[in-house]
Amino acid sequence: MALDKIGIAKRIAQELRDGWYVNLGIGIPTLVANYIPSGIDVEFQSENGLLGMGPFPIEGEEDADLINAGKQTVTVLDGGSLFDSANSFAMIRGQHVQLTVLGAMEVAENGDIANWKIPGKMVKGMGGAMDLVASAENIIVAMMHTNKHGDSKLLKKCSLPLTGVGCVKKIVSNLAVLEVTENGFKLLERAPGVSVEEIKNATEGKLIIEGDIPEMVIN
Amino acid sequence: MALDKIGIAKRIAQELRDGWYVNLGIGIPTLVANYIPSGIDVEFQSENGLLGMGPFPIEGEEDADLINAGKQTVTVLDGGSLFDSANSFAMIRGQHVQLTVLGAMEVAENGDIANWKIPGKMVKGMGGAMDLVASAENIIVAMMHTNKHGDSKLLKKCSLPLTGVGCVKKIVSNLAVLEVTENGFKLLERAPGVSVEEIKNATEGKLIIEGDIPEMVIN
Amino acid sequence: MINKVVKNVEDALQGVQSGMTLMLGGFGLCGIPENSISQLEKLGVTDLTCISNNAGVDNFGLGLLLQKRQIKKMISSYVGENDEFERQMLSGELDVELIPQGTLAERCRATGAGIPAFYTPAGYGTEVAEGKETREFNGKMYVLEHAFKPDYAFVKAWKGDTAGNLIFKGTARNFNPLMAMAGKITVAEVEELVPAGELDPNQIHTSGIFVQRIFQGVAYEKRIEQRTVTPKS
Amino acid sequence: MINKVVKNVEDALQGVQSGMTLMLGGFGLCGIPENSISQLEKLGVTDLTCISNNAGVDNFGLGLLLQKRQIKKMISSYVGENDEFERQMLSGELDVELIPQGTLAERCRATGAGIPAFYTPAGYGTEVAEGKETREFNGKMYVLEHAFKPDYAFVKAWKGDTAGNLIFKGTARNFNPLMAMAGKITVAEVEELVPAGELDPNQIHTSGIFVQRIFQGVAYEKRIEQRTVTPKS
């Protein structure tokens with residue numbers, strides 16, 4: 001059965017490593033914070049100027065001066081810090097943030113990503129996404145494998161305007177975990193009960209299948 | 001009579017304007033702080049990271065963590081602030097500091113300045129001088145008109161390695177106040193009792209003398 | 001001590017004219033210069049170019065100036081929360097330049113720091129880099145980005161002193177210190193204005209040298225866009 | 001919370017090897033990482049390239065490493081207070097690259113901020129610009145300057161917490177926050193190490209993300225180079 005959003009978030013959470021600073025995009029990536037494996041210390045960076053982002057405040061304690069990049073009221077954990085936007089993007093561009101998790105409308109087999117603009121539709125802007133994808137050493141994309149018409153979103157070449165080139169390293173979709181290699185999408189894991197055939201059919205870009213593909217283990 | 005160092009400092013102090021941020025170099029420029037005209041508020045910037053620099057601390061109150069660019073113990077006045085070196089030079093390069101006063105070994109008639117290196121001698125380094133002269137909109141040089149051999153230091157062309165090109169706007173020497181114009185050194189004032197002839201003889205670069213040259217008024 | 005205090009928002013905005021380029025601090029509605037925006041609306045200046053990370057919401061923040069069609073061009077990284085914005089943009093009344101958020105921040109800082117241009121990886125290979133110089137350093141591609149040329153910068157701080165020093169609170173800091181550096185004339189409004197000497201000089205975020213005018217703001221609404229909370233247990 | 005504490009200077013300097021490029025904070029003797037410098041001397045690593053605004057004095061600061069001939073190259077803006085330095089430089093034992101102080105600071109920041117290169121007016125038309133790209137922006141000439149590639153950065157702060165956050169005091173801040181950003185491994189020594197949560201997150205100068213190792217320093221001498229005072233009246 002294909003993963004739901006929470007399943008994707010849980011699978012991505014398994015990628016976290018102790019001591020990492022992590023930037024989570026809006027949507028599914030935000031959910032990752034709820035499933036940090038035990039024994040692992042990570043800190044979340046919010047590009048509007050906050051490191052050590054904590055959970056939503058207790059009702060009545062929300063502060064208009066303390067929001068995340070999604071404009072939601074948040075808290076600061078012990079050991080957190082606040083800074084200006086130039087310093088925040090210094091952390092990002094300077095590769096001090098070890099992992100970026102973000103959504104995508106399309107990913108190409110060479111790691112190109114498109115997630116900010118659909119021609120003909122209202123453009124909201126790229127926010128910090130272009131800085132994040134151009135800078136991060138380690139980018140995981142959280143996405144649905146296909147769009148609502150059933151068309152693949154893992155493509156030979158992106159059809160939408162790009163956010164960044166050759167930058168995506170890993171994809172966790174509702175169907176599979178894939179690594180972006182020099183030769184295309186390498187299938188690492190299948191969602192529980194999803195066949196390699198189904199993933200093949202849902203992937204337009206080059207798919208590399210080597211040996212047995214294990215099922216994801218999600219608690 | 002030619003001015004002494006204090007006379008030069010006093011004359012330069014007359015150039016200060018209310019509301020200016022000022023960076024004073026080591027030597028004669030430092031003395032300028034002692035002769036701020038009454039009714040004028042200025043703040044001194046020290047490029048090692050201090051704005052609103054005050055006088056030397058009261059004996060016994062000196063703090064190793066509070067020095068000026070000459071490595072002397074200083075104080076911070078009310079309204080002062082402390083910052084890192086990048087921010088300090090942002091103030092300088094970004095032309096937020098209205099006036100820079102510094103010494104020079106040579107100034108050329110086109111405004112070139114040499115004050116950091118004598119070939120064959122130990123080179124100590126330019127410190128912040130190159131940033132200051134390349135950035136300041138308003139640079140006053142405090143200097144002796146001639147060297148100890150009596151040779152002019154106001155030249156057609158600098159013989160020493162340059163600190164900056166075409167940047168000096170005004171010179172206050174022991175003999176005169178001069179403006180650096182497109183056509184050369186324009187004589188503005190004579191030191192008390194110093195003749196135009198003496199200044200002419202002490203100036204190798206092109207000297208522009210228009211009309212009567214008044215004597216400096218120094219208290 | 002140089003005194004930067006002006007008595008109210010009217011005096012603070014002296015000299016602002018139609019056609020000018022303005023920087024406005026804030027991220028979403030967090031840390032926006034509410035008083036200055038209201039006064040811009042009151043002044044009725046038009047044909048403004050506004051550099052601001054976002055464009056407010058329909059009836060607050062820069063949305064107020066959009067409603068009155070005072071803005072000719074927005075330079076922002078994200079403008080998603082505003083129907084009137086969308087209408088004006090699609091109809092061609094409003095010119096919009098979208099730039100990556102980190103590039104926006106760094107260009108503001110560069111403006112204030114006397115850096116005319118710098119290289120950044122953001123936007124390489126995308127339409128953001130079209131027409132811009134690109135270059136390789138250590139095997140990676142970068143885009144050349146330039147400083148801005150703003151006339152005024154409007155920032156909002158938590159505390160300020162009469163010398164123009166500013167301290168920000170929480171994530172209301174965001175673009176404010178960078179834009180403060182960049183403005184030819186920087187106007188700071190503060191929630192609390194104190195005498196020079198009351199703020200610890202070690203803890204000042206923006207030095208008074210970057211601020212030309214400071215005033216005690218009034219009636220802050222500090223609207224929250226997304227009130228998300230954890231229920232009391 | 002990510003814990004950055006190491007138990008002493010020995011652990012903090014694990015991995016430092018001969019031939020490496022090191023950044024060391026401080027202006028004159030103000031804000032220098034005294035403990036780390038002593039340990040570098042003890043380790044006896046040689047052929048070091050040291051990026052530091054100054055080179056210490058004969059028997060303190062980087063002068064200690066110069067005495068032991070551990071430094072191959074100094075990258076500084078001013079090196080005037082040191083006889084042994086002068087001797088080694090004139091004899092050709094020591095390679096010295098002098099760069100303008102503002103350029104040094106900005107190059108450190110650029111290194112940490114992922115900016116590979118930027119333009120500055122400092123040094124244009126002088127020997128500092130020889131062999132470098134120059135360019136005109138808005139009628140003024142600028143020099144292209146590049147980021148550094150340091151292996152370690154050693155910084156000294158007043159207070160730090162277990163998460164690696166740092167607060168500096170007075171002008172001991174200087175290059176320390178910039179070099180902290182720049183180090184591949186940044187080692188921070190502090191006069192007072194406190195638990196995470198004790199420092200006000202609004203008042204942190206260097207975020208823990210920039211610091212890989214932090215330790216409680218010992219026996220700070222904090223020598224004053226020029227003790228200038230106003231007599232008691």
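Keep in mind the model is a prediction, meaning the values are calculated, not measured.

Draft legend 1. Expanded view of the overall build of chain C. Within chain C, the secondary structure is distributed over six helices and 11 strands. Taken against the 2.2 N^0.38 rule, which gives 17 Å for 233 residues, the C-alpha radius of gyration of chain C at 18 Å falls within 12% of a compact globule. C-alpha atoms of chain C, sized along the principal axes, occupy 55 × 50 × 40 Å. For chain C, the proportion of its 233 residues judged to be buried stands at 64%.

Draft legend 2. Molecular detail of the overall build of chain A. Each helix and strand counted, chain A has five helices and 13 strands in total. Reported as C-alpha extents along the three principal axes, the dimensions of chain A are approximately 50 × 40 × 30 Å. Looking at chain A as a whole, 60% of its 219 residues are labelled buried. Pairs at least 24 apart in sequence give 60% of the contacts found in chain A among residues at least 6 apart. Here chain A displays about 8500 Å² of accessible surface, and carbon together with sulfur accounts for 48% of that area. Averaged over its 19 positive side-chain charges, chain A has a centre that lies 9 Å from the centre of its 28 negative ones.

Draft legend 3. Expanded view of the packing of aromatic side chains. Under the criterion given, the structure shown has seven aromatic pairs over all chains. Between Tyr152 of chain C and Phe154 of chain C the ring centres are 5.9 Å apart and the planes differ by 10°, which places this aromatic pair in the stacked class. Taken together through their ring pairs, the aromatic side chains of Tyr119, Phe137 and Tyr142 of chain C together with Tyr119, Phe137 and Tyr142 of chain D make up a single cluster. Over the aromatic face of Tyr220 of chain C sits the side chain of Lys156 of chain C, whose NZ or CZ is 5.0 Å from the ring centroid.

Draft legend 4. Structural view of the interface of chain D and chain A. If you look at the interface, chain D gives 21 residues, while chain A gives 23 residues. Between chain D and chain A lies a buried interface of about 1700 Å² when both sides are counted; carbon and sulfur atoms form 57% of it. Across the chain D-chain A interface, the total number found is zero salt bridges. Linking chain D with chain A are nine residue pairs in polar contact (both at pLDDT 80 or more). Residue classes in the side of chain D that touches chain A are distributed as 11 nonpolar, seven polar and three charged.

Draft legend 5. Spotlight on the packing of helix α3 (residues 85–93) of chain A against helix α5 (residues 101–113) of chain C. Where α3 of chain A meets α5 of chain C, the axes come as close as 8 Å, and the angle between the chain directions of the two elements is 125°. As judged from the angle between their axes, α3 of chain A and α5 of chain C are oblique. Viewed along their axes, α3 of chain A and α5 of chain C form a crossing whose handedness is left-handed. In contact with Ser85, Ala86, Phe89 and Arg93 of chain A of α3 of chain A, α5 of chain C contributes Gln101, Gly102, Ala105, Glu106 and Arg109 of chain C.

Draft legend 6. View of the sheet that holds strand β6 (residues 106–108) of chain B. All names here are of chain B. One open sheet holds the three strands; their spatial order is β7-β6-β9, and the pairing between them is mixed. Looking along the sheet, the strands with just one partner apiece sit at the ends: β7 (113–114) and β9 (154–155). As paired elements, β6 and β7 share two bridges and run antiparallel to each other. Each bridged residue has a counterpart across the sheet, and for Val107 the counterpart in β7 is Ile113.

Draft legend 7. Quick look at unusual backbone geometry. A positive phi is found at Gln95 of chain B, a non-glycine position, where the angle reads about 60°. By the element assignment, Gln95 of chain B lies in the loop between α3 (85–93) and β5 (99–103).

Draft legend 8. Inspection of the side chain of Asn87 of chain B at higher detail. Tracing the chain through its elements places Asn87 of chain B in helix α3. If near-sequence neighbours (up to four positions away) are discounted, Asn87 of chain B is found in contact with Met181 and Phe210 of chain C.

Draft legend 9. How the structure looks around the interface of chain C and chain A. Contacts between the two partners involve 51 residues from chain C and, on the opposite side, 46 residues from chain A. A combined buried area of about 4100 Å² lies between chain C and chain A, and 60% of that area is made up of carbon and sulfur atoms. Counting the surface chain C buries against chain A, the share from its top three residues, Phe27, Thr171 and Thr228 of chain C, is 15%. Put simply, chain C and chain A have six salt bridges between them. Across the pair Lys169 of chain C and Asp63 of chain A runs a salt bridge whose closest N-O atoms are separated by 3.1 Å.

Draft legend 10. Representation of the pattern of salt bridges within the structure. Taken as a whole, this structure holds 50 salt bridges over all chains when the rule is applied. The residue Arg227 of chain C makes a salt bridge to Glu62 of chain A at a minimum N-O spacing of 2.8 Å. With Arg227 of chain C in the segment after β11 (213–216) and Glu62 of chain A in the loop between β3 (50–54) and β4 (75–82), this residue pair bridges two chains. What makes Arg227 of chain C exposed here is its relative accessible area of 53%. Put simply, Lys222 of chain C and Glu191 of chain C hold a salt bridge, and the shortest N to O gap is 2.9 Å. Residue Lys222 of chain C is located in the segment after β11, and its partner Glu191 of chain C is located in strand β10 (residues 185–194); the two are separated by 31 residues in the primary sequence.

Draft legend 11. Spotlight on the pairing of strand β8 (residues 152–161) of chain D. All names here are of chain D. Summarising burial for β8: eight of the 10 residues are buried, a large majority. Taken together, the nine bridges between β8 and strand β10 (residues 185–194) define a ladder with parallel strand orientation. Across the sheet, Ala157 pairs through a bridge with Val190, a residue of β10. Of the pairings in the sheet, the one linking β8 to strand β9 (residues 166–167) comprises two bridges and is antiparallel in character. Along β9, the bridge assignment pairs Gly160 with Leu166.

Draft legend 12. The arrangement of empty space enclosed by the protein in detail. Per the counting criterion, the structure on display carries 12 cavities of 30 Å³ or more. Taken as a whole, the largest cavity holds about 620 Å³ of empty space. Of all elements in the fold, only α3 of chain A, α3 of chain B, α6 (176–182) of chain C together with α6 (176–182) of chain D reach the threshold of two or more residues within the lining of the largest cavity. Considering only residue class, the lining of the largest cavity consists of 16 nonpolar, 12 polar and six charged.

Each value, and the rule that gives it
Residues numbered from 1 in each chain as written. Chains lettered and ligands numbered in written order. Predicted model: local features only at pLDDT ≥ 70, side-chain atom pairs only at ≥ 80, totals over all residues. Heavy atoms only, no water. Helix = DSSP H or I, 4+ residues; strand = E, 2+ residues; numbered from the N terminus. Rg over C-alpha atoms; globule rule 2.2 N^0.38 Å. Buried < 20%, exposed > 50% of the residue type's maximum accessible area, 1.4 Å probe, protein only. Contact = heavy atoms within 4.5 Å. Areas by Shrake-Rupley, 256 points an atom, 1.4 Å probe, with all protein chains shown as cover. Lys, Arg positive; Asp, Glu negative; His and termini not counted. Charge placed at Lys NZ, Arg CZ, Asp CG, Glu CD. Phe/Tyr/Trp six-rings, centres within 6.5 Å; stacked < 30°, edge-to-face > 60°. Lys NZ or Arg CZ within 6 Å of the ring centre and 35° of its normal. Buried area = accessible area lost by both parts, 1.4 Å probe. Salt bridge = Lys/Arg side-chain N within 4 Å of Asp/Glu carboxyl O. Polar contact = N/O pair within 3.5 Å; in protein donor to acceptor, adjacent residues only side chain to side chain. Nonpolar A, V, L, I, M, F, W, Y, C, P; charged D, E, K, R; others polar. Axes fitted to C-alpha atoms, helices over the stretch in contact; angles between N-to-C directions. Parallel < 35°, antiparallel > 145°, perpendicular 65-115°, else oblique. Left-handed = near helix turned anticlockwise from the far one by under 90°. Pairing = 2+ DSSP bridges. 1 Å grid on protein atoms, 1.4 Å probe; cavity = no way out; pocket = protein on both sides within 12 Å on 5 of 7 lines; lining within 4 Å. Points joined across faces, edges and corners; volume = space filled by probe spheres on them.

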